[in-house]
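# Summary of the model geometry
Residues per chain are reported as follows:
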Amino acid sequence: MQNNTRHFAVIGVLVVIFTFVVYWVLDGVLQFPMPASLQAASIDTMIQGHLWLIAFLFSLVIVFMVYALFLFRRRPGDESEGEYFHGNTTLEILWTVVPMVLIIGFGYWATVDLAALTKRQDNEVIVNAEGFQWGWNFSLPNSDLVTQELVLPVGSAIRMDMTSKDVLHNFWVPEFRVKQDIVPGRTTYLRFTPTVEGEYTLICSELCGLNHTGMIATVRVVPPEEFAAFWDQDVQTASSK
Ligand SMILES: [Cu+2]
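Only a predicted model underlies this, so the values are computations on that prediction, with no experimental measurement involved.

### Description of the overall build of the protein chain
- For the protein chain, the helix and strand inventory stands at 4 helices and 9 strands.
- Beginning at the N terminus, the succession of helices and strands in the protein chain can be written as α-α-α-β-β-β-β-β-β-β-β-β-α.
- Radius of gyration (C-alpha) of the protein chain: 26 Å, far over the 18 Å computed for a compact globule of 241 residues.
- Structurally, the protein chain occupies a C-alpha span of about 95 × 35 × 30 Å along its principal axes.
- When burial is assessed residue by residue, the protein chain has 17% of its 241 residues classed as buried.
- Look at the contacts in the protein chain between residues 6 or more apart in sequence, and 73% of them connect residues 24 or more apart.

### Brief notes about the domain arrangement of the protein chain
- In terms of domains, the protein chain is made up of domain 1 (2-72 + 89-117) and domain 2 (125-240).
- In this structure, domain 1 and domain 2 have C-alpha centres spaced 37 Å apart.
- Counting residues at the interface gives 10 residues for domain 1, matched by 12 residues for domain 2.
- For the side of domain 1 that touches domain 2, the class distribution of residues is 8 nonpolar, 2 polar and no charged.

### A few points about unusual backbone geometry
- A cis amide bond links Gln133 to the next residue, Trp134, at an omega of 0 degrees.
- Relative to the elements of secondary structure, Trp134 occurs in the loop between strand 1 (125-132) and strand 2 (135-139).
- At Asn123, a residue that is not glycine, the phi angle is positive and equals roughly 50 degrees.
- With respect to the helices and strands, the residue Asn123 is situated in the loop between helix 3 (89-117) and strand 1.
- Of note in the backbone geometry, Arg177 takes a positive phi value of approximately 75 degrees without being a glycine.
- Counting through the fold element by element, Arg177 comes out in the loop between strand 5 (169-172) and strand 6 (179-182).

### Brief notes about the pairing of strand 4 (residues 158-164)
- Covered by surrounding structure in strand 4 are Ile158, Met160, Met162 and Ser164 only, the residues Arg159, Asp161 and Thr163 on the alternate face being uncovered.
- Across 7 bridges, strand 1 lies against strand 4 in parallel orientation. If you follow Asn128 over to strand 4, its bridge partner there is Asp161.
- Bridging between strand 4 and strand 7 (residues 188-192) involves 5 bridges; their strand directions are antiparallel. For Ile158, the partnering residue across the bridge sits in strand 7 and is Phe192.

### Some thoughts on the sheet that holds strand 5
- Taken in spatial order, the 5 strands line up as 3-9-8-5-6 in an open sheet, and their pairing is mixed. Edge positions in the sheet fall to strand 3 (150-153) and strand 6, since each has one partner strand and no second. Along the sheet, successive strands turn relative to each other by an average axial angle of 25 degrees, direction set aside.

What counts and what doesn't
- Residues numbered from 1 in each chain as written.
- Predicted model: local features only at pLDDT ≥ 70, side-chain atom pairs only at ≥ 80, totals over all residues.
- Helix = DSSP H or I, 4+ residues; strand = E, 2+ residues; numbered from the N terminus.
- Rg over C-alpha atoms; globule rule 2.2 N^0.38 Å.
- Buried ≥ 20, exposed ≤ 12 C-beta atoms within 10 Å, placed from the backbone.
- Contact = placed C-beta atoms within 7 Å.
- Domains from an automatic or database assignment.
- Nonpolar A, V, L, I, M, F, W, Y, C, P; charged D, E, K, R; others polar.
- Pairing = 2+ DSSP bridges.
- Axes fitted to C-alpha atoms, helices over the stretch in contact; angles between N-to-C directions.

In C-alpha coordinates, the structure reads:
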(Lines give C-alpha, C1' and ligand atoms only; values in the text may rest on other atoms or scores of the structure.)
Protein backbone atom coordinates (compact mmCIF):
# COMPACT_ATOMS: atom_id res chain seq x y z
CA MET A 1 0.00 0.00 0.00
CA GLN A 2 2.85 2.32 0.97
CA ASN A 3 4.38 1.51 -2.38
CA ASN A 4 1.12 2.31 -4.24
CA THR A 5 0.94 5.73 -2.60
CA ARG A 6 4.41 6.48 -3.97
CA HIS A 7 3.40 5.29 -7.46
CA PHE A 8 0.33 7.53 -7.40
CA ALA A 9 2.33 10.51 -6.14
CA VAL A 10 4.86 10.12 -8.97
CA ILE A 11 2.08 9.65 -11.53
CA GLY A 12 0.26 12.72 -10.18
CA VAL A 13 3.33 14.91 -10.63
CA LEU A 14 4.02 13.48 -14.10
CA VAL A 15 0.40 14.09 -15.15
CA VAL A 16 0.60 17.74 -14.07
CA ILE A 17 3.91 18.29 -15.90
CA PHE A 18 2.72 16.47 -19.03
CA THR A 19 -0.56 18.44 -19.02
CA PHE A 20 1.36 21.72 -19.22
CA VAL A 21 3.61 20.36 -21.98
CA VAL A 22 0.68 19.07 -24.09
CA TYR A 23 -1.24 22.32 -23.60
CA TRP A 24 1.83 24.30 -24.63
CA VAL A 25 2.22 22.20 -27.80
CA LEU A 26 -1.49 22.39 -28.71
CA ASP A 27 -1.59 26.13 -28.09
CA GLY A 28 1.50 26.57 -30.27
CA VAL A 29 0.21 24.41 -33.12
CA LEU A 30 -3.35 25.78 -33.18
CA GLN A 31 -2.62 29.39 -34.05
CA PHE A 32 -5.82 31.29 -34.66
CA PRO A 33 -5.91 34.49 -36.70
CA MET A 34 -6.13 37.79 -34.84
CA PRO A 35 -9.51 38.18 -33.08
CA ALA A 36 -11.49 41.05 -34.67
CA SER A 37 -14.96 40.93 -33.14
CA LEU A 38 -16.54 41.51 -29.75
CA GLN A 39 -17.58 37.86 -29.74
CA ALA A 40 -14.09 36.45 -30.35
CA ALA A 41 -12.89 36.69 -26.72
CA SER A 42 -15.51 34.39 -25.21
CA ILE A 43 -15.01 31.81 -27.98
CA ASP A 44 -11.22 31.91 -27.59
CA THR A 45 -11.57 31.46 -23.82
CA MET A 46 -13.77 28.44 -24.40
CA ILE A 47 -11.26 26.96 -26.85
CA GLN A 48 -8.50 27.47 -24.25
CA GLY A 49 -10.67 25.68 -21.69
CA HIS A 50 -11.11 22.75 -24.05
CA LEU A 51 -7.37 22.64 -24.80
CA TRP A 52 -6.62 22.39 -21.05
CA LEU A 53 -9.14 19.61 -20.66
CA ILE A 54 -7.82 17.75 -23.72
CA ALA A 55 -4.24 18.13 -22.46
CA PHE A 56 -5.19 16.82 -19.01
CA LEU A 57 -7.19 13.80 -20.24
CA PHE A 58 -4.52 12.85 -22.77
CA SER A 59 -1.83 13.08 -20.09
CA LEU A 60 -3.89 11.09 -17.60
CA VAL A 61 -4.26 8.15 -20.01
CA ILE A 62 -0.75 8.23 -21.49
CA VAL A 63 1.15 8.72 -18.22
CA PHE A 64 -0.69 5.86 -16.46
CA MET A 65 -0.20 3.57 -19.46
CA VAL A 66 3.48 4.29 -20.13
CA TYR A 67 4.31 4.25 -16.40
CA ALA A 68 2.69 0.84 -15.98
CA LEU A 69 4.28 -0.52 -19.17
CA PHE A 70 7.77 0.35 -17.93
CA LEU A 71 7.55 -0.27 -14.18
CA PHE A 72 5.42 -3.41 -14.14
CA ARG A 73 6.78 -5.14 -17.24
CA ARG A 74 7.66 -8.80 -16.97
CA ARG A 75 11.27 -9.30 -15.85
CA PRO A 76 13.41 -12.00 -17.48
CA GLY A 77 12.70 -15.35 -15.87
CA ASP A 78 9.45 -14.23 -14.24
CA GLU A 79 6.80 -16.80 -15.24
CA SER A 80 4.32 -16.06 -12.44
CA GLU A 81 0.68 -15.21 -13.08
CA GLY A 82 -0.56 -11.68 -12.55
CA GLU A 83 -2.69 -10.92 -9.53
CA TYR A 84 -6.40 -11.57 -10.15
CA PHE A 85 -8.86 -8.89 -9.18
CA HIS A 86 -12.42 -8.18 -10.20
CA GLY A 87 -13.80 -4.66 -10.45
CA ASN A 88 -13.18 -1.57 -8.38
CA THR A 89 -16.30 0.24 -7.28
CA THR A 90 -14.52 3.44 -6.21
CA LEU A 91 -12.77 3.73 -9.58
CA GLU A 92 -15.96 3.02 -11.52
CA ILE A 93 -17.88 5.68 -9.62
CA LEU A 94 -15.00 8.14 -10.16
CA TRP A 95 -14.72 7.62 -13.90
CA THR A 96 -18.45 7.94 -14.30
CA VAL A 97 -19.05 10.97 -12.08
CA VAL A 98 -16.00 13.06 -13.02
CA PRO A 99 -16.58 13.01 -16.83
CA MET A 100 -20.30 13.59 -16.23
CA VAL A 101 -19.63 16.69 -14.13
CA LEU A 102 -17.12 17.92 -16.72
CA ILE A 103 -19.51 17.41 -19.65
CA ILE A 104 -22.40 19.10 -17.84
CA GLY A 105 -20.08 21.97 -16.83
CA PHE A 106 -18.78 22.51 -20.35
CA GLY A 107 -22.30 22.13 -21.75
CA TYR A 108 -23.57 24.80 -19.38
CA TRP A 109 -20.67 27.10 -20.28
CA ALA A 110 -21.36 26.66 -24.02
CA THR A 111 -25.11 27.21 -23.61
CA VAL A 112 -24.63 30.45 -21.66
CA ASP A 113 -22.10 31.69 -24.23
CA LEU A 114 -24.28 30.73 -27.20
CA ALA A 115 -27.26 32.55 -25.69
CA ALA A 116 -25.12 35.68 -25.24
CA LEU A 117 -23.67 35.43 -28.78
CA THR A 118 -27.05 35.11 -30.47
CA LYS A 119 -28.87 37.69 -28.32
CA ARG A 120 -30.50 40.66 -30.05
CA GLN A 121 -28.39 43.81 -29.72
CA ASP A 122 -29.42 47.48 -29.66
CA ASN A 123 -29.26 49.33 -32.98
CA GLU A 124 -28.30 46.34 -35.08
CA VAL A 125 -27.18 47.08 -38.62
CA ILE A 126 -28.93 44.56 -40.85
CA VAL A 127 -27.03 43.30 -43.88
CA ASN A 128 -28.41 40.73 -46.29
CA ALA A 129 -26.17 38.00 -47.61
CA GLU A 130 -27.07 35.56 -50.32
CA GLY A 131 -24.88 32.55 -50.93
CA PHE A 132 -24.87 30.71 -54.24
CA GLN A 133 -22.72 28.27 -56.20
CA TRP A 134 -20.15 29.84 -56.01
CA GLY A 135 -20.17 33.33 -54.67
CA TRP A 136 -21.81 35.91 -52.46
CA ASN A 137 -24.23 38.83 -52.89
CA PHE A 138 -24.61 41.49 -50.25
CA SER A 139 -27.21 44.21 -49.88
CA LEU A 140 -28.86 46.46 -47.32
CA PRO A 141 -32.60 45.98 -46.63
CA ASN A 142 -33.59 49.29 -48.28
CA SER A 143 -31.17 49.34 -51.15
CA ASP A 144 -31.26 48.05 -54.72
CA LEU A 145 -27.52 47.81 -54.82
CA VAL A 146 -25.98 44.37 -54.69
CA THR A 147 -22.26 44.04 -54.06
CA GLN A 148 -19.83 41.16 -54.08
CA GLU A 149 -17.73 42.77 -51.40
CA LEU A 150 -18.99 42.96 -47.81
CA VAL A 151 -18.47 46.40 -46.29
CA LEU A 152 -19.21 46.69 -42.55
CA PRO A 153 -19.00 49.55 -40.06
CA VAL A 154 -16.52 49.07 -37.22
CA GLY A 155 -17.97 48.97 -33.71
CA SER A 156 -21.59 48.41 -34.79
CA ALA A 157 -23.61 45.35 -33.92
CA ILE A 158 -24.26 43.55 -37.21
CA ARG A 159 -27.04 41.13 -37.99
CA MET A 160 -26.48 39.16 -41.16
CA ASP A 161 -29.77 37.94 -42.66
CA MET A 162 -28.72 35.08 -44.88
CA THR A 163 -30.34 33.06 -47.63
CA SER A 164 -29.17 30.58 -50.23
CA LYS A 165 -30.05 30.38 -53.93
CA ASP A 166 -29.26 26.70 -54.18
CA VAL A 167 -27.54 24.46 -51.61
CA LEU A 168 -26.16 24.66 -48.07
CA HIS A 169 -23.43 27.23 -47.52
CA ASN A 170 -21.83 28.67 -44.42
CA PHE A 171 -20.78 32.20 -43.51
CA TRP A 172 -17.39 32.23 -41.82
CA VAL A 173 -14.86 34.99 -41.22
CA PRO A 174 -12.17 33.33 -39.08
CA GLU A 175 -11.20 36.62 -37.38
CA PHE A 176 -14.80 37.07 -36.17
CA ARG A 177 -14.84 33.44 -34.89
CA VAL A 178 -18.63 33.00 -35.21
CA LYS A 179 -20.11 31.03 -38.10
CA GLN A 180 -23.56 30.13 -39.35
CA ASP A 181 -25.02 27.72 -41.89
CA ILE A 182 -27.04 29.16 -44.76
CA VAL A 183 -29.99 26.95 -45.62
CA PRO A 184 -32.03 26.98 -48.84
CA GLY A 185 -35.66 27.94 -48.25
CA ARG A 186 -35.15 29.83 -45.03
CA THR A 187 -33.34 32.80 -43.51
CA THR A 188 -30.64 32.24 -40.94
CA TYR A 189 -29.07 34.96 -38.81
CA LEU A 190 -25.60 35.68 -37.53
CA ARG A 191 -24.71 38.41 -35.05
CA PHE A 192 -21.30 39.91 -34.45
CA THR A 193 -19.65 43.26 -33.80
CA PRO A 194 -16.46 43.90 -35.82
CA THR A 195 -13.92 45.70 -33.65
CA VAL A 196 -10.86 46.12 -35.86
CA GLU A 197 -10.80 48.01 -39.15
CA GLY A 198 -9.21 46.11 -41.99
CA GLU A 199 -9.67 43.59 -44.74
CA TYR A 200 -10.72 40.02 -44.07
CA THR A 201 -11.81 37.03 -46.10
CA LEU A 202 -15.24 35.49 -45.91
CA ILE A 203 -15.02 31.76 -46.48
CA CYS A 204 -17.83 29.35 -47.28
CA SER A 205 -17.44 26.71 -44.61
CA GLU A 206 -19.94 24.13 -45.86
CA LEU A 207 -18.89 21.84 -48.70
CA CYS A 208 -21.13 23.07 -51.52
CA GLY A 209 -19.83 21.65 -54.77
CA LEU A 210 -17.01 21.81 -57.28
CA ASN A 211 -15.82 25.36 -56.59
CA HIS A 212 -16.55 25.40 -52.87
CA THR A 213 -12.98 26.48 -52.07
CA GLY A 214 -13.37 29.43 -54.44
CA MET A 215 -16.48 30.67 -52.64
CA ILE A 216 -14.78 33.55 -50.88
CA ALA A 217 -15.45 37.28 -50.62
CA THR A 218 -13.57 40.28 -49.33
CA VAL A 219 -14.84 41.78 -46.08
CA ARG A 220 -13.88 45.37 -45.38
CA VAL A 221 -14.44 46.78 -41.90
CA VAL A 222 -14.42 50.57 -42.19
CA PRO A 223 -15.31 53.63 -40.08
CA PRO A 224 -19.10 54.22 -39.84
CA GLU A 225 -18.92 57.34 -42.08
CA GLU A 226 -17.20 55.37 -44.81
CA PHE A 227 -19.83 52.64 -44.50
CA ALA A 228 -22.64 55.18 -44.89
CA ALA A 229 -20.88 56.88 -47.78
CA PHE A 230 -20.21 53.59 -49.56
CA TRP A 231 -23.86 52.57 -49.53
CA ASP A 232 -25.34 56.05 -50.16
CA GLN A 233 -23.11 56.78 -53.09
CA ASP A 234 -23.56 53.39 -54.61
CA VAL A 235 -27.30 53.34 -54.00
CA GLN A 236 -27.55 56.57 -56.01
CA THR A 237 -25.43 55.11 -58.76
CA ALA A 238 -27.59 52.01 -58.84
CA SER A 239 -30.93 53.86 -58.89
CA SER A 240 -29.72 56.38 -61.49
CA LYS A 241 -29.11 53.56 -63.98
CU1 LIG B 1 -20.71 27.41 -50.37
